[in-house]
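Each chain is listed here by its residues.
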Amino acid sequence: MALIRRLVKRLRALLWRGAVERELDEELRFHLELETTKNVEAGMSPADARRKALVDFGGIEQTKEVHRDVRGGRWIEEALADARYALRTLRRNPALAGAAILTLALGIGANTAIFSAVNAVILRPLPFPHPERLVMLSEDNAEKGWVRNVVAPANYLDWKERVKSFAEVAAYTGGGGATISNQGVPQRVRVRGVSGNYFSVLGAQAEAGRTFEDGETWQTGTPVAVISHRFWLDAFGGDPATIGRTIPIDGRPTQIVGVMPARFSFAADTMDIWQPMGWDPQSRTQDFFRRAHWLRVIARLKPGVTPEAADAEFQTVVRRLQVEFPATNRVMGADLVPLHEFLIGDVRTALLMLQGAVALLLLIACANVGNLLLVRALGREREVSLRLTLGAGRARLVRQAFTESLVLSALGGAAGFALGWWGTRALAALQPAGMLPVADVPMDVRVLAAILSLTTLTGLIFGIAPALWSAHRVPAEVLKEGGRSETGHGIRRWGDALVAGEIALALMLTLGAGLLVRSFWRLQRVDPGVDSRGVLVVGIRLGSGYQGNPSSTLAFFDALRERVRAMPGVSGASQGMIPPFGGTAFTSDFRIESHAPDDFGVEIARDRVTPDYFSTLRVPLKAGRFITEADRMGATPVVVINEALARQQFKDRDPIGQRITFSRVADSTSVWRTIVGVVGDVHQTGLAVQPQIAAYEAFAQSPTSYMTLLVRTPGDVESLVPGIRRIVGELDPNLALAQVQLLERLQERSIARQRFIMSLILVFAATGFLLALVGVYGVMAQMARRRTREMGIRLALGAQASDVQWLVMRHALAVVAAGLGIGLTAALGATRGIQTLLYDVAPTDPATFVVVPALLLLTALVASWLPALRASRTAPATTLRED
Amino acid sequence: MTATPSDVLRGTLDLLILKTLTLEAMHGWGISQRMQQFSRGVLDVNQGSLYPALQRLEQKGWVDSDWRVTEHNRRARYYHLTAAGRRALGAETESWRKYVSAVELILKTT
């Protein structure tokens, strides 16, 4: 207790020196007053009494000085005095301090946010036990151009059974929607089909109840499901009795057997329900089990087995399968990558580019702050010299400047930390859904440490340089010069080098941003092939009651379209399977009848559409006819192809009347469809993806239960939703709308990631650009000020204002040109790294490489012209009279 | 008694302060008066040196201080002995006595 009291007192003496001093004053004053009173009482005059009291006391100031010495902590006091002095000088020049702190904050904040994302996505291991043993298995197919493709179930099962390096192999589907009925209310949920061992391969346990067993990959008695923690709370209020309950999922009664914990997250998926595949054991040997590819496959390596060793064994198994199943596996390769690497995927390049960009920004920020301090050191040359002459210790001067920079970087660091904290949250919140394959982007301890070391380091670097420099100057020289001459060249050359460096870095940053902007501009101008404005997209998935009953499926959709078309304001209603920009397509092999039997095609996108599909989406007809109402079941099977397919397969021949089938080798069961029309290409997968070859079948000739309703209206698109919801409910009370979206939004969303990355880079580049300009301005203003006297003399001797401005401009031009040269050279090498992020723009795009440097040069020259102009306008007499 | 007041020996000031504070908490001026009074004016404490000494004792943890109101309604800093101070006083008194008797011994024999 007493110890704490003492510590508190000591701390107080250190931190609140003023208060302690005031107390001492009061104590001594009190003493003297009592002593004086005593003397007066002894019969002295008040003046004598006071004098005697002072004499007896013996030196008030000495007492105080000794008292301070006893109090101790002198060096801390000095450091605090330095810090206070630093704060005072910073306050005296708020523009500079503000600029420096803002600069640091931006640099540090941006780095913190991006580094947090890099850390969360790239550096942090997957949140599963022994994540290094998890690998992703995919199919590669040179013939079809597949890289890391989804896997056919039969291949998955063979890999699972034959590769000894794998402890376990699990499979899962991409996940889709389903309709559940919760107490009679239909509700759309996200469902993922998984193999029975999915959770055990990941090493995840249920929070309540159980997960699945390996055997449940196959059909069992009652269908079972595991639900997410969130869904458990949302739909069942977290009721423990949920486990064991049976709910209908797409009409099938399904028993809930477990709840996954809230922290369970695989690649940031947002599944509500997991269900075992529940495959029919008879499928195992059927052809489609090897032909249809829809699974993602993860394996857990046995302990001690390296990914390389596992891959070697895996490849021998894959080659054996090529021989055993030539019809399907002849050219089927496979690929094994660490799961983490796979999940990071293409966001890695983007994140690393962003990290590079913010690193450049931080360098610019540091250079800029260094610059500002240099400029100020130059401006304070005389003050420093004066203090040196008056006997200030050099070491103390250096320390003072050092403290000043530390205070500055501490303030900047604190602001940067706040900005980084906010930026990290903003980044996680604003990212296009699913871009970062992690559940959360925390700002963790490592990031914090990185920031602190960054601020300290920058403080040290740009604190020491000007301070050391000013301390070794000979004061008399500086005072004689009157702070005007050309000595002290060294530091100005440093200033120039910093500005040139800033220009170079800013150029690299701006060039990168320029390329991305140009790339995005091109993307936005891509003709999507459809007119997406004013089109509503509504996904509808019929329940199990419609399965194997094409006529009821047809009847449902026909009635739906008819009633929607009758709604006020609707100008068109049609259906396809997957909406344009849906991010995916349904693909298969195909064969053209007139081609040689072994000349088959692969990877054609297929869709099933209603007659008015093309007119609703405004897809142009290029030849032949659209699908009509006459193309119904029983009539000749027809198909409409796109221009890409016509070009690829028929060259200059007329495709109309030719026949096509969707299997590689045609046999008696093959359905031949006659090509009746050719339509324009549609960017089905996304704006950034080239249109695939595609064929559109007539929905009426091959109905499916999962369809997308496309409704066009010249009015307010969203106002249609309640009406459509009502119609669907009336047609089938067990149905919920799967996806309600504006087609325009889907189109935008297909390039949302590019837009997001471009926007970030643009912000960083603009900041870097501005900082570089501030740097140019600061150095040139300082130079102009130094040469004002010279200019005054020149002007007095008859030089033109433009001549003296040229003095400064010439210097600026040299510095900026040097920076641009360095920046261009570096950028030519560096932009190649972002090639994969560019759409239809070369990494050395000539336009960008001309426009951006020119812009930078121009603005830099303006920034240096302003101070030159001001200097040249000062009346010669004024300048000459100074000092 | 008109003897010239002599300076307090270096190092004994602390001892005297501690001894003075055994009776009650006092402010600086009070301590100086009490010391003068006790020594019957022989020891003239340099009043100015009292305050750094008090500060030193406080840092050692032998005395503690707080601000109180005097009987004349003035704010003053009062010092009082801590438990550690009381123990220190015992030890210091002991060593002082040894010192004095040693000096006495030397003075007697020569």
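Residues numbered from 1 in each chain as written. Chains lettered and ligands numbered in written order. Predicted model: local features only at pLDDT ≥ 70, side-chain atom pairs only at ≥ 80, totals over all residues.

### A short note on the overall build of chain B
At step 1: Along chain B, the regular secondary structure elements total four helices and three strands.
At step 2: Each helix and strand of chain B, placed in order from N terminus to C terminus, yields the pattern α-β-α-α-β-β-α.
At step 3: Sequence-distant contacts in chain B: of pairs separated by 6 or more residues, those separated by 24 or more amount to 51%. (Helix = DSSP H or I, 4+ residues; strand = E, 2+ residues; numbered from the N terminus. Contact = placed C-beta atoms within 7 Å.)

### So, the overall build of chain A
At step 1: Looking only at helices and strands, chain A features 29 helices and 23 strands.
At step 2: Looking at chain A alone, contacts between residues at least 24 apart form 82% of all its contacts between residues at least 6 apart.

### A look at the sheet that holds strand β14 (residues 572–576) of chain A
All names here are of chain A.
At step 1: The four strands lie next to each other as β14-β22-β13-β23, forming an open sheet whose pairing is antiparallel. With one partner strand each, in any of the chains shown, β14 and β23 (739–742) form the two edges of the open sheet. Going from strand to strand, the sheet's axes swing by 20° on average, the running direction of each strand aside.
At step 2: Where strand β13 (residues 535–541) lies against strand β22 (residues 706–712), seven bridges are found, and the strand directions are antiparallel. (Pairing = 2+ DSSP bridges. Axes fitted to C-alpha atoms, helices over the stretch in contact; angles between N-to-C directions.)

### What about unusual backbone geometry?
Residue and element names in this part refer to chain A.
At step 1: Of note in this structure, H130 is not a glycine but carries a positive phi near 45°.
At step 2: Of the residues examined, H130 has 12 C-beta atoms within 10 Å and is grouped as exposed.
At step 3: A positive phi angle, near 60°, is found at R618, a position not held by glycine.
At step 4: Within the secondary structure, R618 sits in the loop between α21 (613–617) and β17 (621–624). (Buried ≥ 20, exposed ≤ 12 C-beta atoms within 10 Å, placed from the backbone.)

### Quick word on the nonpolar core
Residues and elements named next belong to chain A.
At step 1: I503 and V776 are the most contacted members of the largest nonpolar core, which has 155 residues in total.
At step 2: Residue contributions to this core peak at 21 residues, all from helix α14 (residues 347–379).
At step 3: When neighbours within four sequence positions are excluded, V776 is seen to be in contact with V499, A812, V816, A860, A863 and S864. (Core = buried A, V, L, I, M, F, W, Y, C linked by C-beta atoms within 7 Å.)

### A closer look at the packing of helix α25 (residues 752–786) of chain A against helix α28 (residues 846–873) of chain A
All names here are of chain A.
At step 1: At a minimum axis separation of 8 Å, α25 and α28 run at an interaxial angle of 25°. For the element pair α25 / α28, the angle class is roughly parallel. Every pair of crossing elements has a handedness; the one defined by α25 and α28 is right-handed. Side by side, α25 and α28 meet where L773, V776, Y777, M780, A781, A784 and R785 of the first sit next to T859, A860, A863, S864, L866, P867, A868, R870 and A871 of the second. (Parallel < 35°, antiparallel > 145°, perpendicular 65-115°, else oblique. Left-handed = near helix turned anticlockwise from the far one by under 90°.)

### Looking at helix α20 (residues 550–565) of chain A
Note on helix geometry: an α-helix contains 3.6 residues per turn, so any two residues three or four positions apart are oriented the same way.
All names here are of chain A.
At step 1: The first and last C-alpha atoms of α20 sit 22 Å apart over 16 residues, in line with the 22 Å expected at 1.5 Å per residue.
At step 2: Along α20, the residues that are buried comprise F556, F557, L560, R561 and V564. Taken end-on, α20 shows its buried residues confined to a sector of 125°, consistent with a single buried face. Exposed positions of α20 whose direction lies more than 90 degrees from the buried face are S551 and E562. (Expected span 1.5 Å × (residues − 1). Arc of directions from axis to C-beta.)

### Examining the interface of chain B and chain A
At step 1: Taken together, the 14 residues of chain B in the interface contact 18 residues of chain A.
At step 2: Secondary-structure elements contributing two or more residues to the side of chain B that touches chain A are α2 (28–38), α3 (47–60) and β3 (75–81) of chain B.
At step 3: Its residues assigned to classes, the side of chain B that touches chain A comprises four nonpolar, seven polar and three charged. (Nonpolar A, V, L, I, M, F, W, Y, C, P; charged D, E, K, R; others polar.)

### Digging into the environment of A:L710
Residue and element names in this part refer to chain A.
At step 1: Note on placement: L710 falls in strand β22.
At step 2: A residue is classified by how many C-beta atoms lie within 10 Å of it, and L710, with 27 of them, is buried.
At step 3: With residues near it in sequence (within four places) discarded, L710 still touches V535, V537, S574, Q575, G576, P579, T616 and L617.

### Examining the sheet that holds β3(B)
All names here are of chain B.
At step 1: What the three strands build is an open sheet, ordered β1-β3-β2; its pairing is antiparallel. Of all the strands in the sheet, the pair left with one neighbour each is β1 (26–27) and β2 (63–69).
At step 2: Of the strand pairs in this sheet, β2 and β3 are connected by seven bridges, and their pairing is antiparallel. The partner of D64 across the bridge, within β3, is H80.

### Observations concerning the pairing of strand β1 (residues 134–141) of chain A
All names here are of chain A.
At step 1: Bridge count between β1 and strand β11 (residues 296–301): four bridges; the pairing is antiparallel. By the bridge assignment, M136 is partnered in β11 with I298.
At step 2: Judged from the seven bridges that link them, β1 and strand β12 (residues 332–338) form a sheet pairing that is antiparallel. Counted as the bridge partner of V135 is P338 from β12.
At step 3: Bridge count between β1 and strand β2 (residues 146–149): two bridges; the pairing is antiparallel. Looking at β2, one finds that N141 is bridged to W146.

### Thoughts on the pairing of strand β4 (residues 176–182) of chain A
Residues and elements named next belong to chain A.
At step 1: Here β4 pairs with strand β5 (residues 185–194) via seven bridges, running antiparallel. In the sheet register, A178 faces β5, and the bridge partner there is V189.
At step 2: Where β4 folds back onto β5 in an antiparallel hairpin, the turn is made up of two residues, including Q183, whose phi is positive at roughly 50°.

### Observations regarding the confidence of the model for chain A
Residues and elements named next belong to chain A.
At step 1: With 92% of its residues at a pLDDT of 70 or more, chain A has an overall mean of 84.
At step 2: At the level of individual helices and strands, chain A shows its lowest average pLDDT in helix α18 (residues 475–481), which scores 58, and its highest in strand β20 (residues 673–679), which scores 95.
At step 3: Between residues 483–487, whose pLDDT stays under 50, and residues either more than four places distant or in other chains, the model counts seven contacts. (pLDDT = per-residue confidence, 0-100.)

### Considerations on the environment of A:A646
Residue and element names in this part refer to chain A.
At step 1: Tracing the chain through its elements places A646 in helix α22 (residues 643–650).
At step 2: Residue A646 is classed as buried on the basis of its 23 C-beta neighbours within 10 Å.
At step 3: Sequence spacing of A646 and I656 is ten residues, and the spatial spacing of their C-alpha atoms is 9.4 Å.
At step 4: Discounting chain neighbours no more than four positions away, the residues touching A646 are I641, P655 and V678.

### Brief notes about the packing of helix α1 (residues 12–20) of chain B against helix α4 (residues 83–109) of chain B
Residue and element names in this part refer to chain B.
At step 1: Contact pair α1 / α4: the axes reach a minimum separation of 10 Å and the direction vectors enclose 130°. In terms of axis orientation, α1 runs oblique to α4. Note on packing geometry: the crossing formed by α1 with α4 is left-handed. Contacts between α1 and α4 involve L15, L18 and K19 from the former and G85, A88, L89, E92, T93 and W96 from the latter.
At step 2: Residues belonging to the contact of α1 with α4 are distributed by class as follows: five nonpolar, two polar and two charged.

### Structural notes on the confidence of the model for chain B
Residues and elements named next belong to chain B.
At step 1: A residue-level look at chain B finds 87% of positions with pLDDT of 70 or above and a mean pLDDT of 82.
At step 2: In this model, residues 1–7 is a region of pLDDT below 50 whose contacts with residues beyond four sequence positions or in other chains number nine contacts.
At step 3: Two summary scores accompany this predicted model of the complex, namely pTM at 0.70 and ipTM at 0.86.

### Things to note about the environment of A:T403
Residues and elements named next belong to chain A.
At step 1: Structurally, the position occupied by T403 is in helix α16 (residues 394–430).
At step 2: Its 23 C-beta neighbours within 10 Å are what place T403 among the buried residues.
At step 3: For the pair T403 and L80, spaced 323 residues apart in sequence, the C-alpha separation works out to 9.3 Å.
At step 4: Among all residues touching T403, those that are not within four sequence positions of it are A79, D82, A83 and A86.

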